[in-house]
Amino acid sequence: DSVRTEIRIYNVGSSEFRSVKTGFSGIPYGITFLDNGGISVISSEGMNVFSSSLQLLGEYYTENDVYCYSVSEDASVLVHTDEKTLKNKIIMFDKKGNISYNNIIAEKVLDVRMSGEYLFVQTPGGFFRINTSRQGDIKEIKQVTSDFKMLICDSERILICGSSYA
């Protein structure tokens, strides 16, 4: 059985909705506004791009459920397991809803964040910063284990925290 969701867009200060989309497939995880006034929705099944009147403009469905995601004012990113390679696929979408980065990572992704053209990825082996505009520009954040949690990041820094035991 597939989950069906309804999405409504309201104008601030109004009790009436401007747009409604019914029968949307999947469980929405994250939504962001696009440059054209539309929205992009990351769900359990992939990514959908809608116009400001909630007409479907594009879709990207994954073979397996999305298990990690992040949305910001600049972009959206989802992670799922590629059915053919059984490796983890990271896909980033820009403010127009187009794919701006699409690559495979061998390790399971525990968390992902973004800042501009950079993706910050947490795996069981540690943390990595990926420059999505320059293929192969991946920097490992050394000597940090996955016991930590990413809080915020920008192009040059990442703030992580972890618990310690006496």
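Refer to the structure presented above.
Source: prediction; values computed, not measured. (Residues numbered from 1 in each chain as written. Predicted model: local features only at pLDDT ≥ 70, side-chain atom pairs only at ≥ 80, totals over all residues. Heavy atoms only, no water.)

Engineer: Is there a simple way to think about the pairing of strand 7 (residues 68-71) in this case?
Structural biologist: Consecutive side chains of a regular strand alternate in pointing toward one face of the sheet and then the other. Only one face of strand 7 is covered, namely the face carrying Cys68 and Ser70; the face carrying Tyr69 and Val71 is uncovered. Across four bridges, the pairing between strand 7 and strand 8 (residues 76-81) is antiparallel. When the sheet's bridge partners are listed, Tyr69 is paired in strand 8 with Leu78. (Buried < 20%, exposed > 50% of the residue type's maximum accessible area, 1.4 Å probe, protein only. Helix = DSSP H or I, 4+ residues; strand = E, 2+ residues; numbered from the N terminus. Pairing = 2+ DSSP bridges.)

Engineer: Explanation requested: the nonpolar core in the structure shown.
Structural biologist: In a soluble, globular protein the nonpolar side chains are often hidden away together inside. Grouped together as the largest cluster of nonpolar side chains are 14 residues, with contacts concentrated most on Val77, Ile90, Met92, Val109, Val112, Leu119 and Val121. Within the residue set of this core, elements represented by two or more residues are strand 8, strand 9 (88-93), strand 10 (99-105), strand 11 (111-115) and strand 12 (118-123). If we ignore the near neighbours within four places in the chain, the residues touching Val121 are Ile90, Ile105, Val109, Asp111, Val112, Gly126, Phe127, Phe128, Ile130 and Met150. Ranked by size, the runner-up nonpolar core spans seven residues in total, among them Ile42, Tyr60, Val66 and Leu78. (Core = buried A, V, L, I, M, F, W, Y, C linked by side-chain atoms within 4.5 Å. Contact = heavy atoms within 4.5 Å.)

Engineer: I tried to follow the environment of Asn98 on my own but got confused; where do I start?
Structural biologist: Along the chain, Asn98 turns up in the loop between strand 9 and strand 10. The exposure class of Asn98 is partly exposed, given its relative accessible area of 43%. Considering only alpha carbons, one finds Asn98 and Ala75, 23 residues apart in sequence, at a separation of 9.7 Å. In this structure, Asn98 is in contact with Met92 and Phe93, ignoring residues within four places of it in sequence.

Engineer: What is the right way to look at the packing of aromatic side chains in this model?
Structural biologist: Geometrically, a pair of aromatic rings is defined through the distance of the ring centres and the angle of the planes. Going through the model one piece at a time under the given rule, you end up with two aromatic pairs. Judged by centre distance (5.4 Å) and plane angle (20°), the rings of Tyr29 and Tyr69 are stacked. Here Tyr29, found in strand 3 (residues 28-33), pairs with Tyr69, found in strand 7; they are 40 residues apart in sequence, far enough to count as distant. With centroids separated by 6.1 Å and ring planes inclined at 65°, the aromatic side chains of Tyr60 and Phe93 adopt a geometry described as edge-to-face. In this pair, Tyr60 is assigned in strand 6 (residues 56-61) and Phe93 in strand 9, connecting sequence segments 33 residues apart. Residue Tyr60 shares its accessibility class with Phe93, and that shared class is buried. (Phe/Tyr/Trp six-rings, centres within 6.5 Å; stacked < 30°, edge-to-face > 60°.)

Engineer: Sorry, what's going on with the sheet that holds strand 14 (residues 138-141) here?
Structural biologist: Hydrogen bonding along the main chain pairs the strands of a sheet, whether they run parallel or antiparallel. Pairing is antiparallel in the open sheet, where four strands are placed in the order 11-12-13-14. Each edge of the open sheet is held by one strand with a lone partner, namely strand 11 and strand 14. Averaged over all pairs of adjacent strands, the angle between strand axes in this sheet comes to 20°, irrespective of strand direction. Of the pairings in the sheet, the one linking strand 11 to strand 12 comprises five bridges and is antiparallel in character. The residue of strand 12 that forms the bridge with Arg113 is Phe120. (Axes fitted to C-alpha atoms, helices over the stretch in contact; angles between N-to-C directions.)

Engineer: Which parts of the structure should I look at to understand the sheet that holds strand 6?
Structural biologist: Here we have four strands laid out as an open sheet, ordered 3-4-5-6, and antiparallel in their pairing. Every interior strand has two partners, whereas the edge strands, strand 3 and strand 6, have only one. Sheet twist, expressed as the mean angle between neighbouring strand axes with direction ignored, is 15°. Pairing analysis gives five bridges linking strand 5 (residues 46-50) to strand 6, with the strands arranged antiparallel. For Met47, the partnering residue across the bridge sits in strand 6 and is Tyr60.

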